[in-house]
Amino acid sequence: MLYCFSTTAPKPSAEDLLASYSKGKRDFTNHDLSLLNLAKANLSGANFHQAKLQKINLQGANLLNSDFGRASLSHASLRNAKLARAYLSHADLAGADLRGADLSYAYLSNANLRGANLCGADLTGAKISDEQLATARTNWATIHPSGKRGLW
């Protein structure tokens, strides 16, 4: 089944999205949220499946247990974001800034990490392949899925 982003619904503002979330809305499937500033927002457990999140600012955001399956997060700012146990299968994270992000036990199978910055990220227990990691930037502070630090 092919999904596409809604072109009829107006793009929500960061304030509208946060207000919806605080009222219990958790499903943002197929929404275009590109360029929004949601730094330090609490969006844990939200569903962003197949959402368009290009160049979004989620720096320091709480995204625990969130679904980003097949979402487009290219060039997103996710620095120091809490993405533990997040579902990121087939997500496009090309050029994303994930420095210092908590990706422990995240499911990153088939995610595009080309040019993503994972320096200092915690990948303890994450489902991710060596081939995927080879396309991203890592450093001595990056924690491997095995729990060990160091360069790949």
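Just so it is clear, the model here is predicted, and its values are computed rather than measured.

Turning to the pattern of salt bridges, a few remarks are in order. Using the criterion set out here, one finds one salt bridge in the structure. A salt bridge links arginine 99 to aspartate 97, with the nearest nitrogen and oxygen atoms 2.6 Å apart. A residue is classified by how much of its surface remains accessible, and arginine 99, at 29% relative accessible area, is partly exposed. Classification of aspartate 97 by relative accessible area gives buried; the value is 17%.

Within the span of helix H1 (residues 14–22), buried status applies to Ala14, Leu17 and Tyr21. Along the long axis of H1, the arc covered by the buried residues comes to 65°, so they all point the same way. Exposed side of H1, more than 90 degrees from the buried face: Glu15 and Ser22 are the residues found there. Immediately beyond the C-terminal end of H1, within one or two residues, lies glycine 24, with a positive phi of roughly 105°.

What follows covers the nonpolar core. In terms of nonpolar packing, the biggest core is built from 44 residues, with Leu43, Leu88 and Leu103 touching the most fellow members. Per-element accounting of this core gives the leading share, three residues, to H1. The contacts of leucine 88, once residues within four sequence positions are left out, are Phe68, Leu73, Leu93, Leu103, Ala106, Tyr107, Leu108, Ser109 and Ala111.

So, on to unusual backbone geometry. You will see that lysine 55, though not glycine, has its phi angle at about 55°, which is positive. Mapped onto the secondary structure, lysine 55 falls in the loop between H1 and helix H2 (130–134). At asparagine 80, a residue that is not glycine, the phi angle is positive and equals roughly 60°. Looking at the secondary structure, you find asparagine 80 in the loop between H1 and H2.

This model, assessed by the stated rule, comprises three aromatic pairs. Between the aromatic rings of phenylalanine 48 and phenylalanine 68, the centroid separation amounts to 5.0 Å while the plane-to-plane angle is 15°, which identifies the pairing as stacked. Taken together, the residues phenylalanine 48 in the loop between H1 and H2 and phenylalanine 68 in the loop between H1 and H2 connect sequence positions 20 residues apart. With 5.5 Å between their ring centres and 5° between their planes, tyrosine 87 and tyrosine 107 make a pair best called stacked. With tyrosine 87 in the loop between H1 and H2 and tyrosine 107 in the loop between H1 and H2, this residue pair connects regions lying 20 residues apart in the sequence. For tyrosine 87, a relative accessible area of 36% translates into the label partly exposed.

Moving on, we come to the confidence of the model for the protein. Mean pLDDT for the protein: 93, with 93% of residues reaching 70 or above. Low pLDDT, under 50, characterises residues 1–8; the predicted model gives this stretch nine contacts beyond four residues in sequence or across chains.

Turning to the side chain of asparagine 117, a few remarks are in order. Within the element layout of this structure, asparagine 117 appears in the loop between H1 and H2. Its relative accessible area of 9% is what places asparagine 117 among the buried residues. Apart from the residues within four sequence positions on either side, asparagine 117 is in contact with Ala96, Asp97, Leu98, Arg99 and Arg137.

With respect to the helices, strands and loops of the structure, serine 72 is situated in the loop between H1 and H2. Residue class for serine 72 comes out buried when judged on its relative accessible area of 13%.

The rules we used
Residues numbered from 1 in each chain as written. Predicted model: local features only at pLDDT ≥ 70, side-chain atom pairs only at ≥ 80, totals over all residues. Heavy atoms only, no water. Salt bridge = Lys/Arg side-chain N within 4 Å of Asp/Glu carboxyl O. Buried < 20%, exposed > 50% of the residue type's maximum accessible area, 1.4 Å probe, protein only. Helix = DSSP H or I, 4+ residues; strand = E, 2+ residues; numbered from the N terminus. Arc of directions from axis to C-beta. Core = buried A, V, L, I, M, F, W, Y, C linked by side-chain atoms within 4.5 Å. Contact = heavy atoms within 4.5 Å. Phe/Tyr/Trp six-rings, centres within 6.5 Å; stacked < 30°, edge-to-face > 60°. pLDDT = per-residue confidence, 0-100.

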